[in-house]
Amino acid sequence: MRTGGAAPSRVPKGVNGSTMAHSPSAAQTNATSRPADSMVRHAHRLPFGAETTSDGVLFRLWAPLHPQVSLKLEGAGPLTMTAGPDGWHEILVPGAGAGTRYRFALPDGMEVPDPASRFQPDDVHGPSEVIDPNAYGWTCADWAGRRWDEMVLYELHVGAFTAEGTFRAAMDRLDDLRELGVTGIELMPVADFPGARNWGYDGVLPFAPDSSYGRPEDFKAFVDAAHARGICVLLDVVYNHFGPDGNYLPLYAPLFNAAHHTPWGAAVNFDGEGAEGVRQLVVENAAYWIAEFQLDGLRLDAVHAIADDSAVHILDEIAEAAQRAGQGRPIHLILENEENESSRLSRDGTGRPRRFTAQWADDVHHVLHVAASGESAGYYADYAGDTGLLARALAEGFAFQGEMMAYRGSPRGEPSAHLPPAAFVSFIQNHDQVGNRAFGDRITAFAPPAAVRAIAAVYLLSPQIPMIFMGEEWGSAQPFPFFCDFGPDLAEAVRNGRREEFAKFPEFQDPEHRARIPDATSPETFRSAKLDWSARHTGDHAVWNDWYRRILGVRREEIAPMLGAMGGHAEHEVLGDQAVRVRWRSADGRALVLVANLKAEREPNARLPEGRLIWLEGAQAEAGLAPWSVAWIMAGETK
């Protein structure tokens, strides 16, 4: 659940402070054993924003809706910027440098932050701060990335991952993730959002890591430390809308195109009048995260809500820019796409992705969730009682490949059987599927442990790429409810809107029950989501943690090495109610076979084929598989 809108909700406060308030030096913020003069520096030169030069700072703003714009440095009077062609305004300020705080002043006196701000020390309505990206010295200078087939992803929210909720605190848990078997971290959005807490999908300043998590150099230190442990870092980016509070762009640029509509209102303008500047902002943002923060990839949020009728779709332009910014490193681009467009995941003749590496496989989540939980409300209704969809999703990524989906009332998807399994990211929990529940409860709170272990054994050893949601590995009891931090009027709208949304569900018809839904704007709701790391070595949590570590060890030794030789067209069959067999073939003649019985009764038809058993969850019965049992077999091996 996300909120969005087009205009700022309040006027920023007046400026104050000194002009030359410098940020900490690299030596103060980056602990390292490498001599400072030998550190590697990474900077992405932006065509807009504030760029440090040997002569001062060059400030550039695209504001085609105004003939004149001024620069306002803190503690100084306004400086008139030179108006150039196509709505560009610029000025070089000698003496300005890293730490200088500034705003842009529009003709009516409104002072706005820089849309390309690299840092907002006082949140989205405050001044922007000049950042020198070369000030950070990278210690992991020889990082060359990791292959996609090695990936075990771990989705986390920086603010809820630790008690402190910062990049630096998250660094202290990197060894835990490495020992678990994680090779890639997928961060929920960090772009600057209003207030002190947010899921991240209400961002309005896409180049600035939110100050509640730390400074830009803290984010770089986190990435640097992850790379030193062999862990990739990917970032969730949002290009389908801007948040409802603090978005000043529409005041001076054609950010939206009313010809297209999205759940948040008019679509971001990628194909209307003035779209060139908006496209450049987004494309440069993708390249910026890859080049300047050395990220290993991006997850593009809800691309089905990105409207673009241009000859070259903005997604393709983003993909090309991100790959160039990687300078030869493997860059992994993941889509969230409700439309199940397999064409966006196409491969070249060698099996390499043409544009996008993989897509979040929501269908895989849905079939496994329905099997374990028995839930059939909302969109789960389309999956309940259809074992064919279960088999198809596990084998081909998409359950719906052009068929009518009753819940949405329209066909959904494209054929996907030809795609390799690594074109899909599978999971049994993520921020949406947990957080969009009324109470943010995890699947371990309402499904039997044996059922959860069974579906986890399916997705963790699947040749699809697995993604663990933070805390899942020890069966965390912490919920992950929706949370945000808006001003009074918008906060009330969020509270009412969320409760109204759940009013259509039978269990929330009673207003008193509906009133128990956590207040998304309350600090306590956010605190309830913070992981309790002390619990993972106690009781059942320790058992879960050990189980995840062991099964990921099997994935590392048995599954990952064969993914590069595994194509599409997996064989799949229904063995009985909620019981399936799937066979993936490898170019070396071997086959990986899954036999799964995902129900509470024995399945006599679920018999194991010949081959080497690499994992058995549950048990074999005299004939077939016992309830909630999953077997993985390596077949076709030569002795």
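What you are looking at is a predicted structure, and each value in this text was computed from that prediction instead of being measured.

Peer 1: How should the overall build of the chain be read in this particular structure?
Peer 2: Summing up its helical and strand segments, the chain has 15 helices and 28 strands in all. Computed over its C-alpha atoms, the radius of gyration of the chain comes to 25 Å, within 12% of the 26 Å expected for a compact globule of 639 residues. Taking all 639 residues of the chain together, 60% fall into the buried category. Restricting to contacts in the chain with at least 6 residues of sequence separation, those with at least 24 account for 72%. Accessible surface computed for the chain: about 23,300 Å², of which carbon and sulfur atoms make up 50%. Across the chain, 57 positive and 85 negative side-chain charges occur, with their mean positions spaced 5 Å apart.

Peer 1: Looking at this structure, how should I read the sheet that holds strand β26 (residues 591-597)?
Peer 2: Remark on secondary structure: sheet strands pair via backbone hydrogen bonds, oriented parallel or antiparallel. If you trace the five strands from one edge of the open sheet to the other, you get β24-β25-β26-β28-β27, paired in antiparallel fashion. Every interior strand has two partners, whereas the edge strands, β24 (571-576) and β27 (612-617), have only one. Along the sheet, successive strands turn relative to each other by an average axial angle of 15 degrees, direction set aside. Pairing geometry for β24 and strand β25 (residues 579-585), over five bridges, is antiparallel. The partner of Glu-573 across the bridge, within β25, is Arg-581. Against the sheet, helix α11 (residues 449-461) makes contact with β26, β27 and β28 (629-635), and its axis sits at roughly 25 degrees relative to β28, the strand it touches most.

Peer 1: What is the right way to read the packing of aromatic side chains from this model?
Peer 2: A ring pair, where both rings are aromatic, is described by two values, the distance of the centres and the angle of the planes. According to the stated counting rule, one finds 32 aromatic pairs in the structure shown. With a centroid separation of 5.2 Å and an interplanar angle of 90 degrees, the aromatic rings of Phe-161 and Trp-533 are classed as edge-to-face. Residue Phe-161 is located in helix α2 (residues 158-161), and its partner Trp-533 is located in the loop between α14 (523-528) and α15 (539-563); the two are separated by 372 residues in the primary sequence. Looking at Phe-161, the relative accessible area reads 1%, which means it is buried. Plain terms: the ring middles of Phe-469 and Phe-480 are 5.2 Å apart, the flat faces sit at 80 degrees to each other, and that makes the pair edge-to-face. A residue pair is termed long-range when its members are at least 10 positions apart, and Phe-469 in strand β23 (residues 465-469) and Phe-480 in the loop between β23 and α12 (488-502) qualify at eleven residues. The structure contains a cluster of three or more aromatic residues connected by ring pairs, namely Phe-48, Trp-88, Phe-167, Phe-193, Phe-207, Tyr-213, Phe-219, Tyr-288, Trp-289 and Phe-293. Geometry around Trp-544 places Arg-453 over its ring, the cationic atom sitting 5.2 Å from the centre.

Peer 1: Please explain α11 as it appears in this structure.
Peer 2: Over its 13 residues, α11 extends 18 Å from the first C-alpha to the last, a length consistent with the 18 Å expected when each residue adds 1.5 Å. Across the 13 residues that make up α11, a large majority, ten, are buried. Among all positions of α11, only Ala-451, Val-452, Ala-454, Ile-455, Ala-456, Ala-457, Val-458, Tyr-459, Leu-460 and Leu-461 are buried.

Peer 1: Hey, could you run me through the side chain of Ser-416 in this one?
Peer 2: Within the fold, Ser-416 resides in the loop between β21 (410-412) and β22 (424-426). Not counting residues up to four positions away in its chain, the partners in contact with Ser-416 are Ser-342, Glu-396, Phe-398, Gln-401 and Phe-424.

Peer 1: Looking at this structure, I do not really get the confidence of the model for the chain. What am I missing?
Peer 2: Regions with low pLDDT should not have their predicted coordinates read in detail. With 94% of its residues at a pLDDT of at least 70, the chain reaches an overall mean of 92. Low pLDDT, under 50, characterises residues 1-34; the predicted model gives this stretch 103 contacts beyond four residues in sequence or across chains.

Peer 1: Teacher, can you tell me more about the environment of Glu-396 here?
Peer 2: Relative to the helices and strands, Glu-396 resides in helix α9 (residues 387-396). Glu-396 gets classed as buried once you look at its relative accessible area, which sits at 10%. The spatial distance from the C-alpha of Glu-396 to the C-alpha of His-569 is 7.4 Å, given a sequence separation of 173 residues. With sequence-adjacent residues up to four places away left out, Glu-396 is seen in contact with Gln-401, Ser-416, Ala-417, Phe-424 and His-572.

The rules behind the values
- Residues numbered from 1 in each chain as written.
- Predicted model: local features only at pLDDT ≥ 70, side-chain atom pairs only at ≥ 80, totals over all residues.
- Heavy atoms only, no water.
- Helix = DSSP H or I, 4+ residues; strand = E, 2+ residues; numbered from the N terminus.
- Rg over C-alpha atoms; globule rule 2.2 N^0.38 Å.
- Buried < 20%, exposed > 50% of the residue type's maximum accessible area, 1.4 Å probe, protein only.
- Contact = heavy atoms within 4.5 Å.
- Areas by Shrake-Rupley, 256 points an atom, 1.4 Å probe, with all protein chains shown as cover.
- Lys, Arg positive; Asp, Glu negative; His and termini not counted.
- Charge placed at Lys NZ, Arg CZ, Asp CG, Glu CD.
- Pairing = 2+ DSSP bridges.
- Axes fitted to C-alpha atoms, helices over the stretch in contact; angles between N-to-C directions.
- Phe/Tyr/Trp six-rings, centres within 6.5 Å; stacked < 30°, edge-to-face > 60°.
- Lys NZ or Arg CZ within 6 Å of the ring centre and 35° of its normal.
- Expected span 1.5 Å × (residues − 1).
- pLDDT = per-residue confidence, 0-100.

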